[in-house]
Amino acid sequence: MPELPEVETIVRDLRPELAGRAIVKAQLTHDDVLRGVSRRRLLAALAGARILRLARRAKHAVLELDRGRLVIQPGMSGSLLVHGRALTPEQERYAVLRAELDDGRILVYRDVRRLGTLLLLDAKGWTDYDAALGPEPLDPGLTPEIFAERMARSRSAVKKVLMDQRVIVGVGNIYANEALFAAGIDPSRAADRIDAAGYHRLLAEVRRILQAAIDSKGTTFRDYRTGTGEPGGFQLELMVYGREGEPCRVCGTRLAGTHLIDARATVFCHRCQR
DNA sequence: ACGAGGTCCTGCGAGC
DNA sequence: TGCTCGCAGGACCTCG
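Description of the structure in this document. (Residues numbered from 1 in each chain as written. Chains lettered and ligands numbered in written order. Predicted model: local features only at pLDDT ≥ 70, side-chain atom pairs only at ≥ 80, totals over all residues. Heavy atoms only, no water.)

Observations concerning the sheet that holds strand β7 (residues 106–111)
- Pairing is antiparallel across the open sheet formed by four strands, whose spatial order is β1-β6-β7-β5. Since the sheet does not close on itself, it has two edges, and those belong to β1 (23–28) and β5 (78–83), each with one partner. Here the average twist between neighbouring strands, direction ignored, is 15°.
- Relative to strand β6 (residues 95–101), β1 runs antiparallel, the two being bridged by five bridges. By the bridge assignment, Ile23 is partnered in β6 with Leu101.
- Taken strand by strand, helix α2 (residues 39–46) contacts β1 and β6, and its axis lies near 160° from that of β1. (Pairing = 2+ DSSP bridges. Helix = DSSP H or I, 4+ residues; strand = E, 2+ residues; numbered from the N terminus. Axes fitted to C-alpha atoms, helices over the stretch in contact; angles between N-to-C directions. Contact = heavy atoms within 4.5 Å.)

Quick word on the pattern of salt bridges
- Considering all chains together, one arrives at 22 salt bridges under this definition.
- The partner of Lys124 in a salt bridge is Asp128, with the nearest N and O atoms 2.7 Å apart. With Lys124 and Asp128 both in helix α4 (residues 123–132) and four residues apart, this pair spans about one turn of that helix.
- Take Lys124: its relative accessible area is 56%, and that puts it in the exposed class.
- Measuring nitrogen to oxygen at the nearest pair gives 3.0 Å for the salt bridge that ties Arg166 to Asp164.
- Overlapping salt bridges bring together Glu8, Arg12, Arg56, Arg57, Asp130 and Glu136 as one network. (Salt bridge = Lys/Arg side-chain N within 4 Å of Asp/Glu carboxyl O. Buried < 20%, exposed > 50% of the residue type's maximum accessible area, 1.4 Å probe, protein only.)

Looking at the protein's contact with DNA strand C
- Around DNA strand C lies a shell of 21 residues, among which Lys59, Thr219, Arg222, Tyr241 and Arg264 are the nearest.
- Considering the 4 Å shell around the protein, atoms of DNA strand C inside it are sugar or phosphate in 60% of instances.
- Side-chain polar atom of Arg113 to a base nitrogen of DNA strand C: 3.3 Å apart, as the coordinates give it.
- The contact in question runs from a base nitrogen of DNA strand C to an N or O atom on the backbone of Thr219, over 2.8 Å.
- Taken together, the residues that form the surface near DNA strand C break down as eight nonpolar, seven polar and six charged. (Near = heavy atom within 4 Å. Polar contact = N/O pair within 3.5 Å; in protein donor to acceptor, adjacent residues only side chain to side chain. Nonpolar A, V, L, I, M, F, W, Y, C, P; charged D, E, K, R; others polar.)

Focus on the sheet that holds strand β2 (residues 51–57)
- Strand order across the open sheet formed by four strands is β2-β3-β4-β8, with antiparallel pairing between neighbours. Two strands close off the open sheet at either side, each with one partner strand: β2 and β8 (117–121). Each strand of the sheet is rotated relative to its neighbour by a mean of 20°, with strand direction disregarded.
- In this structure, strand β3 (residues 60–65) lies alongside strand β4 (residues 68–73), joined through five bridges in antiparallel fashion. For Glu64, the partnering residue across the bridge sits in β4 and is Arg69.
- Of the strands in this sheet, β2 and β3 touch helix α1 (residues 4–18), which is tilted by about 170° from β2.
- Sheet strands in contact with α4 are β2, β3, β4 and β8, and its direction is about 125° off that of β8.

Brief notes about the side chain of Glu205
- Positionally, Glu205 belongs in helix α8 (residues 196–215).
- Those residues in contact with Glu205, other than ones at most four positions away along the chain, are Ala179, Ala182 and Ala183.

Considering the nonpolar core
- Counting 34 residues, the largest nonpolar core has Leu18, Leu28, Leu42, Leu63, Leu97, Leu107 and Leu118 as its most contacted members.
- When residues in this core are grouped by element, the largest group, five residues, is from α1.
- With near-sequence residues (within four places) excluded, Leu42 lies in contact with Leu28, Leu34, Val37, Leu70, Leu97 and Leu120. (Core = buried A, V, L, I, M, F, W, Y, C linked by side-chain atoms within 4.5 Å.)

Side note on unusual backbone geometry
- Positive phi values are uncommon outside glycine, yet Lys217 reaches one of about 65°.
- Inspection of the secondary structure puts Lys217 in the loop between α8 and β9 (256–258).

Remarks on the packing of aromatic side chains
- Under the defined criterion, the tally for this structure stands at four aromatic pairs.
- When the ring of Phe221 is compared with that of Tyr241, the centres are 5.1 Å apart and the planes differ by 80°; the resulting orientation is edge-to-face. Remark: Tyr241 occurs in the loop between α8 and β9 and Phe221 occurs in the loop between α8 and β9; sequence separation between them is 20 residues. (Phe/Tyr/Trp six-rings, centres within 6.5 Å; stacked < 30°, edge-to-face > 60°.)

Section: the pairing of β2
- Of all seven residues making up β2, five are buried, and the element is well covered by its neighbours.
- The hairpin formed by β2 and β3 contains two residues between the paired strands, and Ala58 there has a positive phi angle of roughly 55°.

Brief notes about the protein's contact with DNA strand B
- Close to DNA strand B lie 15 residues, the nearest being Arg93, Tyr94, Ser154, Arg155 and Ser156.
- Per the 4 Å cut-off to the protein, sugar and phosphate atoms form 71% of the nearby atoms of DNA strand B.
- Separating a phosphate oxygen of DNA strand B from a backbone N or O atom of Arg155 is a distance of 2.8 Å.
- Of the residues in the surface near DNA strand B, the class split is five nonpolar, two polar and eight charged.

Here it is in structure tokens:
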């Protein structure tokens, strides 16, 4: 579910709640979310750990501890919440990781589908992990020239490349659809056949849309909730995602839909996107 | 290097 | 009403 704006929202909501706290003990209900770490090692590392800060990198929430980093990839249905009171049975059911804090509250990683993953990385592991990810779209240091150069290395459909976290991070299916519409680019166009002006527009639209989505606290279709448990609001501003068959908000043309690109739902306007 | 297709997992809405 | 089917915001893998 969560793309960059959703994870950014969660991190902003929870950062003040977690900074300086310590984890008293932790519980894990399913091992299948773990990557490269055993249940035993994860729980041992969390118990007694001090939380230095909560950060975001790409679509991941990074809990920086005094003994390494817990990287949380929420996948399609993961979310992070701090509970001040006992969990309801429904919350209990989907709480994959539970970390009891030293102020009595409980940090919960909730994941209904459990396609999300948890990694525990030391300094070297984090450096390597971070280096394999592309640049942050909202980083002012990412120029349109660098963006265009990275994108145009591939002959794949531009939408697929835009969602490739090695090329640029944070953009998933919803915001890829929206940004390509706003930039007037056909999502099936080969990435190496888009000119400098096209990539200039695309980067500008990616940034504008991600920022607007952050301002609205993310896009909620079903599972996603902010760090305070509220739905986001950006679904009200979507121009194409989820609107297949409906009229284009710009020109009125019936919006087209396909699953041919990367087997993901793609919605676009034949007239506005070339 | 690329596209196609499958995998992980559960819930929900559509359609019969 | 109750069932099956297809689909869902992500990331990773193999195969040809």
